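Below are the chains, spelled out letter by letter.
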Amino acid sequence: MGKGFFQVPTAYNEPIKSYAPGSPEREEVLKQYSAYFNGHTDVAMYIGGKDVKTGNTKPISPPHDHKHIVGQYHTAKKEDVTHAIANALEAREHWANLEWEQRAAIFLKAAELISGPYRAKINAATMIAQSKNIHQAEIDAACELIDFLRFNVEYMSQIYEEQPDSAEGIWNRVEYRPLEGFIYAITPFNFTAIAGNLPASAAMMGNVVLWKPSDSQVFSAKVIVDIFKEAGLPDGVINVVYGDPVMITKEALSSPDFAGIHYTGSTHVFKELWKQIGNNIHIYKTYPRIVGETGGKDFIIAHPTANPKQVATAIVRGAFEFQGQKCSAASRVYLPKSISKEILDFVKSDVESFNKPGSPEDMSNFITAVIHEGSFDKLAKYIDQARKNKNAEIYAGGNYDKSKGYFVEPTVIVTTDPKYTTMETELFGPVVTIYVYEDKDWSKTLKLVDSTSEYALTGAVLSGDRYAIAEATKALQNCAGNFYINDKPTGAVVGQQPFGGARASGTNDKAGSAQNLLRWVSPRLIKETFVTPVDYRYPFLG
Ligand code: NAD
């Protein structure tokens, strides 16, 4: 910045539209849904500002109608990946040296494009690709991605403002350099906002990025690419490749210019990535930044003083919205015996009030499909096991059918074994397991919550007793990076609840915060002395 200390527009959370019957946004998104659903989209990779089509294509089908094809995407060969990396590195010099306000303007423009002309497109694409109902698509693909872009611009300017003191006769300044090399962003299927944010946050700080979206999110990733293009992101700053994650990752991580990874996805993949980076450490020019947000086994614990209806609503929303495929979804619940029956009855009646799982195009559907056959089969296996196990009972739901879409009914398992497999393992679907504890064992149960899972992402306590809340807050301080009191454990909002977990859930670099952006810069301290000494002797030498 040469000619002014610019103030960025104050960030604010994008208001969520209602999509109520008769609203213009409902009509617009359904029209766009129909156009995408009945069309055929050919999704090219995007390298150096060009569409790259390899002819090695894979079909794209909505999870709720898996025999129907809405398009195809082109997958990378090894040489496409090396070309994408080389091209990004070529773009680096101009991009890293561009004034920050120019970079900010691109991402602020992207936010406004999503808020306006691309809103129906990004929502409809997310409904089709990830089978989100319109509310889930709106809070993710439109609002959260807009929030990431707006708030990160504000955080970026706060970071740049952070400067050291200067003693008399000198001037200390810090410049926040982008990392030397390229950032590799690997994104999950479940949030279009995360898919956009992982490459964008690193790019915003002046880095160039190789982005590999999930195979199950390519259809909505394409809309993000279109938005970045229209916002004026220069060629090569974010290059996008699709296809074999192992091959692409091997190429990226064996480049000496690999400078950092921005990952969100499952824990076992992240551990593998960390190992590969460790094994290659001698070839890199710099120590790569490793940022990964991964799995969860998120809990709700209710105290005997909790309001049963509130607990039931936290369970139903926390466990079943987006078919339980939020990393923060409640999947293990601890209920005190005295109010457990009442809570379970409320949960059951809520679950029975849902339509059968179906297409998001039918806006009366709260529950749609799970993402793919692998996920469906895994969930069916755990439901079947629970049906047969003497320590478990299917309390509600438990049916599944993949003939048209990957539909799994929201399922409540009640177990008498607090270490039952579905209390410990991340299933990533609409299955919640409930353990009922004796009221007198409240404090013991807090220890159980803390020690049951390897993860530490989100958790919630519901209680009407302040002493109990204080006790739970302390006892559970290490088993959730986002902890909720008298609320469900999902629904973090950018700018309000920065998100991330510890233990096996990730590096906790809090997406949607300045902390995360700091991982993508390497500060350079510049000390300037105004009157430079000319004699080495200090006064003490006499
Ligand atoms: P996933 O691990 O299957 O895939 C994530 C990404 O990793 C995809 O792009 C995939 O292609 C890639 N990948 C898969 N195998 C790979 C390999 N061997 N090498 C390199 N890359 C590989 O996860 P998913 O099903 O897309 O997403 C669900 C998971 O993400 C859940 O575990 C969920 O908890 C987690 N998640 C965490 C957060 C968080 O903030 N903590 C947010 C969203 C999702």
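Let me begin by describing the structure that accompanies this report. Everything numeric here is computed off the predicted structure, so don't read it as measured data.

**Quick notes on the side chain of Ser331**
Then comes step 1: Looking at the element boundaries, Ser331 is found in strand β13 (residues 330-336).
Then comes step 2: A polar contact is formed between the side chain of Ser331 and the side chain of Lys297, at a distance of 3.2 Å.

**Observations regarding the sheet that holds strand β18 (residues 431-437)**
Then comes step 1: Judged by pairing direction, the sheet is mixed, and its seven strands sit side by side in the order β14-β17-β18-β13-β12-β20-β21 without closing on themselves. Looking at strand neighbours, the two that pair on one side only are β14 (392-396) and β21 (482-485), the edges of this open sheet. Ignoring which end each strand starts from, the neighbouring axes of this sheet average 20 degrees apart.
Then comes step 2: Strand direction decides the pairing type here: strand β12 (residues 298-302) and strand β20 (residues 458-462), joined by four bridges, are parallel. Across the sheet, residue Phe299 finds its bridge partner in β20, namely Gly459.
Then comes step 3: Strands β20 and β21 of the sheet are contacted by helix α15 (residues 466-475), whose axis makes an angle of about 170 degrees with β21.

**Focus on the environment of Ala302**
Then comes step 1: By secondary structure assignment, the location of Ala302 is in strand β12.
Then comes step 2: You can call Ala302 buried: its relative accessible area is 0%.
Then comes step 3: Residues Ala302 and Gln276, spaced 26 residues apart in sequence, show a C-alpha to C-alpha distance of 41 Å.
Then comes step 4: Filtering out sequence-adjacent residues up to four positions away, Ala302 remains in contact with Val311, Tyr334, Leu335, Pro336, Tyr437, Trp442 and Leu462.

**Side note on helix α6 (residues 192-204)**
Then comes step 1: With 13 residues, α6 extends 18 Å from end C-alpha to end C-alpha; this agrees with the ideal 18 Å at 1.5 Å per step.
Then comes step 2: The largest bend in α6 amounts to roughly 25 degrees and is located at Leu198, with the proline Pro199 lying one to four residues further along.
Then comes step 3: Extensive coverage of α6 is indicated by the burial of 13 of its 13 residues.

**Focus on the site of the ligand**
Then comes step 1: In the vicinity of the ligand lie 27 residues, with Thr187, Lys212, Ser266, Thr294 and Glu426 positioned nearest.
Then comes step 2: Only α8 (245-253), β10 (258-264) and α9 (267-279) provide two or more residues apiece to the shell around the ligand.
Then comes step 3: The element best represented in the shell around the ligand is α8, accounting for three residues.
Then comes step 4: Each residue belonging to the shell around the ligand can be placed in one class, and the counts come to 14 nonpolar, ten polar and three charged.
Then comes step 5: For the shell around the ligand, the domains that each give at least three residues are domain 1 (25-294 + 506-522) and domain 2 (298-485).

**What about a nonpolar patch on the surface?**
Then comes step 1: Taken together, the side chains of Tyr536, Tyr538, Phe540 and Leu541 define a hydrophobic patch exposed on the protein surface, amounting to about 570 Å² of accessible area.
Then comes step 2: Examined against the element boundaries, Tyr536 turns out to sit in the segment after β23 (521-529).
Then comes step 3: Taking the relative accessible area as the measure of exposure, Tyr536 reaches 62% and is therefore exposed.

**Considerations on the sheet that holds strand β1 (residues 41-43)**
Then comes step 1: Across the sheet, three strands lie side by side as β1-β5-β4; this open sheet has mixed pairing. The open sheet has two edge strands, β1 and β4 (57-60), and neither has a second partner. Across the sheet, the mean angle separating the axes of adjacent strands is 20 degrees when strand polarity is ignored.
Then comes step 2: Pairing of β1 with strand β5 (residues 71-74), which is carried by three bridges, proceeds in the parallel orientation. Looking across to β5, one finds that Thr41 is bridged to Gly71.
Then comes step 3: Along the sheet, helix α7 (residues 218-231) makes contact with β1, β4 and β5, crossing β1 at roughly 75 degrees.

**Considerations on the nonpolar core**
Then comes step 1: If you look at the biggest cluster of nonpolar residues, it comprises 109 residues, and the most contacted ones within it are Phe107, Tyr184, Leu210, Trp211, Ile238 and Ile261.
Then comes step 2: Residue contributions to this core peak at 14 residues, all from helix α5 (residues 134-161).
Then comes step 3: In contact with Ile238, other than residues within four places in its own chain, are Tyr46, Pro199, Ala200, Ala203, Val209, Trp211, Phe228 and Leu233.

**Observations concerning the pattern of salt bridges**
Then comes step 1: All told, the structure shown has 25 salt bridges when counted by the stated rule.
Then comes step 2: In this structure, the salt-bridge partner of Lys275 is Glu272, at a minimum N-O distance of 3.1 Å. Placement of the pair is Lys275 and Glu272 together in helix α9, with a separation of three residues, close to one helical turn.
Then comes step 3: A relative accessible area of 51% places Lys275 in the exposed class.
Then comes step 4: Looking at Glu272, the relative accessible area reads 39%, which means it is partly exposed.
Then comes step 5: Note that Arg519 and Asp509 form a salt bridge whose closest N and O atoms lie 3.0 Å from each other. Here Arg519 is found in the loop between α16 (514-518) and β23, whereas its partner Asp509 is found in the loop between β22 (502-503) and α16, with ten residues between them in sequence.
Then comes step 6: Judged by relative accessible area, which is 23%, Arg519 ranks as partly exposed.
Then comes step 7: Overall, the relative accessible area of 10% leaves Asp509 in the buried class.

**Side note on the packing of aromatic side chains**
Then comes step 1: Under the criterion given, the structure shown has 19 aromatic pairs.
Then comes step 2: Judged by centre distance (6.0 Å) and plane angle (85 degrees), the rings of Tyr73 and Tyr242 are edge-to-face. Residue Tyr73 is located in strand β5, and its partner Tyr242 is located in the loop between β9 (238-240) and α8; the two are separated by 169 residues in the primary sequence. For the pair Tyr73 and Tyr242, a shared accessibility class is recorded, and that class is buried.
Then comes step 3: Considering the side-chain rings of Tyr160 and Tyr176, the 6.1 Å spacing of their centres and the 40 degrees angle between planes classify their relative orientation as tilted.

Basis of the calculations
- Residues numbered from 1 in each chain as written.
- Predicted model: local features only at pLDDT ≥ 70, side-chain atom pairs only at ≥ 80, totals over all residues.
- Heavy atoms only, no water.
- Helix = DSSP H or I, 4+ residues; strand = E, 2+ residues; numbered from the N terminus.
- Polar contact = N/O pair within 3.5 Å; in protein donor to acceptor, adjacent residues only side chain to side chain.
- Pairing = 2+ DSSP bridges.
- Axes fitted to C-alpha atoms, helices over the stretch in contact; angles between N-to-C directions.
- Contact = heavy atoms within 4.5 Å.
- Buried < 20%, exposed > 50% of the residue type's maximum accessible area, 1.4 Å probe, protein only.
- Expected span 1.5 Å × (residues − 1).
- Bend = angle between axes of the 7 residues up to and from the residue.
- Near = heavy atom within 4 Å.
- Nonpolar A, V, L, I, M, F, W, Y, C, P; charged D, E, K, R; others polar.
- Domains from an automatic or database assignment.
- Patch = residues over 30% accessible without salt bridge, like charges linked within 9 Å, V, L, I, M, F, W, Y side chains within 5 Å.
- Areas by Shrake-Rupley, 256 points an atom, 1.4 Å probe, with all protein chains shown as cover.
- Salt bridge = Lys/Arg side-chain N within 4 Å of Asp/Glu carboxyl O.
- Core = buried A, V, L, I, M, F, W, Y, C linked by side-chain atoms within 4.5 Å.
- Phe/Tyr/Trp six-rings, centres within 6.5 Å; stacked < 30°, edge-to-face > 60°.

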